[in-house]
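Chain and residue survey
Here are the chains, one letter per residue:
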Amino acid sequence: MSDTLATEHVSAEVPEYPMERAARCPFAPPLPMLEMGEAKPLSRVRIWNGTTPWLITGHEVARALFSDSRVSVDDRRDGFPHWNEHMLSTVNKRPRSVFTSDAEEHTRFRRMLSKPFTFKRVEALRTAIQEVTDQCIDEILSGPQPADIVAKLALPVPTKVISEMLGVPYEDHEFFQHHANVGLARYASAEEGQKGAMSLHKYLIDLVEKKMENPSEDAVSDLAERVTAGEISVKEAAQLGTGLLIAGHETTANMIGIGVLALLENPEQAALLRDSDDPKFIANAAEELMRYLSIIQNGQRRVAIEDIEIAGETIRAGEGIIIDLAPANWDASAYPEPDKLDFTRDASQQLGFGYGRHQCVGQQLARAELQIVFHTLLRRIPTLKLAIPFDEVPFKHDRLAYGVYELPVTW
Ligand code: HEM
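As the structure is a computational prediction, the values presented were derived from the model and not from experiment. (Residues numbered from 1 in each chain as written. Predicted model: local features only at pLDDT ≥ 70, side-chain atom pairs only at ≥ 80, totals over all residues. Heavy atoms only, no water.)

This part covers unusual backbone geometry. With omega at 0 degrees, the peptide bond leading from Tyr 17 into Pro 18 counts as cis. Relative to the elements of secondary structure, Pro 18 occurs in the loop between helix 1 (3-12) and helix 2 (31-39). The omega torsion across Gln 145 and Pro 146 is -5 degrees, close enough to zero to call that bond cis. Position of Pro 146 among the secondary structure elements: in the loop between helix 7 (126-142) and strand 4 (147-148). We note that Ala 103 has phi near 45 degrees; this positive angle belongs to a residue other than glycine. Looking at where Ala 103 falls in the secondary structure, it is placed in helix 5 (residues 103-114). We note that Ser 294 has phi near 30 degrees; this positive angle belongs to a residue other than glycine. (Helix = DSSP H or I, 4+ residues; strand = E, 2+ residues; numbered from the N terminus.)

Here you go:
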């Protein structure tokens with residue numbers, strides 16, 4: 001048999017990636033991926049351009065590769081497994097960012113972003129997060145039924161909190177939120193989207209300049225400080241501020257929306273959370289929801305820059321790596337009975353925020369929001385229930401972050 005035929009034979013068996021979650025078990029990772037994970041923690045998959053990068057499905061291998069300096073996030077390198085043709089064609093046009101830089105370059109970006117997201121700063125925001133959550137729930141309770149949890153709670157809480165965090169003056173909240181939403185709206189035309197983004201960018205430039213004169217304890221003031229120190233330009237600072245807004249908005253919103261649905265489908269677990277006053281239990285429940293739902297669903301993309309021996313395989317230099325968080329978080333060797341949402345298990349090692357040097361900058365903020373929102377909602381509306389049949393809930397199979405488009409509820 002010729003080599004070509006042998007190669008074709010092997011490659012015909014390589015499954016296509018990405019894979020979709022099954023409609024009948026919408027909380028589970030895609031089922032073929034779970035089967036691959038049961039066989040071994042890493043295997044080949046075929047992506048849109050015909051290449052066959054490694055798909056990592058095992059928890060331990062995922063953690064090892066996330067923290068391995070022979071693994072790069074630089075999407076300009078040969079062999080990098082791009083999401084799609086568009087991402088490949090724009091690779092040299094996109095400015096380098098915290099997401100696509102390694103080593104010292106990454107540290108430089110990361111340092112500019114981390115300060116507002118430290119544990120201490122986020123803890124100080126808890127009162128504000130609680131207030132925003134309570135206001136949203138007041139509005140739900142005084143409004144008509146059914147109410148959409150996505151529009152009334154999941155979207156406004158992270159949007160308002162990030163505005164607070166960036167240090168947007170209170171009287172500008174409405175303008176800020178409006179333009180942020182136009183920029184992010186699913187059905188906005190390209191023109192509308194661009195207009196929204198431009199107004200927001202201009203607004204942030206203005207804000208950076210104001211904060212250079214009158215700094216306070218907030219993220220834009222931190223960026224303004226970098227401008228004053230000559231480390232970045234005003235435009236770059238505004239760009240970073242807009243980036244934070246976008247990275248921190250849809251992700252947390254999706255996690256709240258689908259998290260509420262998971263709670264409604266698991267009433268015993270919801271009751272445990274509702275009845276607990278223990279901050280550790282409440283925090284672990286949010287981690288378990290992160291593990292169970294793993295909403296980032298396009299795989300974390302990497303490329304090997306040296307040969308790596310791992311779990312009995314060799315990843316060669318120049319080969320693509322896709323670390324998929326969902327199967328890694330459902331790896332039975334790390335989490336027995338992974339398909340059970342169980343607030344009593346220790347979920348602290350869940351990988352929903354990634355791991356290693358690129359682990360989510362906003363994780364402390366997202367955690368505080370999730371803990372407060374889920375607990376408060378269950379306490380204040382204990383009779384909450386889904387207003388439509390479960391199989392009519394519209395899931396976001398087509399987006400980078402998994403979630404629900406809407407979640408009508410009654411009480
Ligand atoms: C539930 C909500 C969130 C989820 C599930 C989430 C998930 C993630 C994941 C998986 C990564 C790692 C990417 C990788 O290794 O390739 C990441 C990175 C990042 N996230 Fe989040 N995130 C959330 C909320 C936020 C918030 C609130 C912010 C900021 C306001 C934020 C900003 C960032 C940034 C800037 C990075 C890049 C870090 C780096 O490359 O060094 N995220 N996030």
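One side chain can pair with another of opposite charge once the charged atoms of both are near each other. Throughout the structure, instances matching the rule amount to 21 salt bridges. Lys 210 is the partner of Asp 206 in a salt bridge, and the nearest nitrogen-oxygen pair spans 3.8 Å. Highlighted residues: Asp 206 and Lys 210, both in helix 11 (residues 190-213), separated by 4 residues, approximately one helical turn. For Arg 274, the salt bridge identified is with Asp 275, shortest N-O distance 3.4 Å. Given a relative accessible area of 26%, Arg 274 falls into the partly exposed group. Among the charged side chains, a network of salt bridges with common partners joins Lys 115, Arg 121, Glu 217, Asp 222 and Glu 225. (Salt bridge = Lys/Arg side-chain N within 4 Å of Asp/Glu carboxyl O. Buried < 20%, exposed > 50% of the residue type's maximum accessible area, 1.4 Å probe, protein only.)

Moving on, we get to the site of the ligand. Within the structure, the ligand sits among 28 residues, and His 106, Arg 110, Gln 300, His 358 and Cys 360 are positioned closest to it. For the ligand, an oxygen atom lies 3.2 Å from a polar atom in the backbone of Val 98. Within the side chain of Arg 302, a nitrogen or oxygen atom sits 2.8 Å from an oxygen atom of the ligand. Contributions of two or more residues to the shell around the ligand are made by helix 5, helix 13 (234-247), helix 14 (250-265) and strand 5 (300-304). Here the shell around the ligand takes 3 residues from helix 14, the largest share from any one element. Of the residues in the shell around the ligand, the class split is 16 nonpolar, 9 polar and 3 charged. (Near = heavy atom within 4 Å. Polar contact = N/O pair within 3.5 Å; in protein donor to acceptor, adjacent residues only side chain to side chain. Nonpolar A, V, L, I, M, F, W, Y, C, P; charged D, E, K, R; others polar.)

Before going further, it helps to spend a moment on the coordination of the iron atom of the ligand. No protein donor other than Cys 360 (SG) coordinates the iron atom of the ligand, and that contact is at 2.3 Å. For Cys 360, the position within the fold is in the loop between helix 17 (325-329) and helix 18 (363-380). (Donors = N, O, S within 2.8 Å, 3.2 Å for Na, K, Ca; no water.)

Our focus in this paragraph is the nonpolar core. Leu 153, Val 260, Leu 289, Leu 293, Leu 365 and Leu 407 are the most contacted members of the largest nonpolar core, which totals 87 residues. In terms of residue count, the dominant contributor to this core is helix 18 (9 residues). Residues in contact with Leu 407, not counting those within four places in the same chain, are Ala 147, Asp 148, Ile 149, Val 150, Gly 257, Val 260, Leu 261, Leu 386 and Val 393. Core analysis: the next-biggest nonpolar cluster, separate from the first, contains 17 residues, Val 71, Ile 308, Ile 310 and Leu 325 among them. (Core = buried A, V, L, I, M, F, W, Y, C linked by side-chain atoms within 4.5 Å. Contact = heavy atoms within 4.5 Å.)

Pairing in this open sheet of 3 strands is antiparallel, and the strands run 4-10-9 from one edge to the other. In the strand order of this sheet, the two ends are held by strand 4 and strand 9 (385-386), each with one partner. (Pairing = 2+ DSSP bridges.)

What follows deals with the sheet that holds strand 3 (residues 71-72). The sheet built from 5 strands is open, its strands ordered 1-2-8-5-3 with mixed pairing. The sheet terminates laterally at strand 1 (42-44) and strand 3, the two strands that pair on one side only. The pairing of strand 2 (residues 54-56) with strand 8 (residues 320-323) spans 3 bridges and is parallel. In the strand pairing of strand 8, Trp 54 is matched with Ile 321. Here helix 3 (residues 59-66) sits on the sheet and contacts strand 2, strand 3, strand 5 and strand 8; the angle it forms with strand 8, its principal contact strand, is near 125 degrees. (Axes fitted to C-alpha atoms, helices over the stretch in contact; angles between N-to-C directions.)

Before going further, it helps to spend a moment on helix 3. For helix 3, every residue scored as buried is listed here: His 59, Val 61, Ala 62, Leu 65 and Phe 66. Around the axis of helix 3, the buried residues are gathered within 165 degrees of arc, so they sit on the same side. (Arc of directions from axis to C-beta.)

What follows deals with the pairing of strand 8. Burial of strand 8 is two-sided: the residues Gly 320 and Ile 322 facing one way and the residues Ile 321 and Ile 323 facing the other way are all buried. For strand 5 and strand 8, the ladder comprises 4 bridges, and the chain directions are antiparallel. The residue bridging Gln 300 from the neighbouring strand is Ile 323, located in strand 8.

By themselves, these observations are geometric and do not establish any function.
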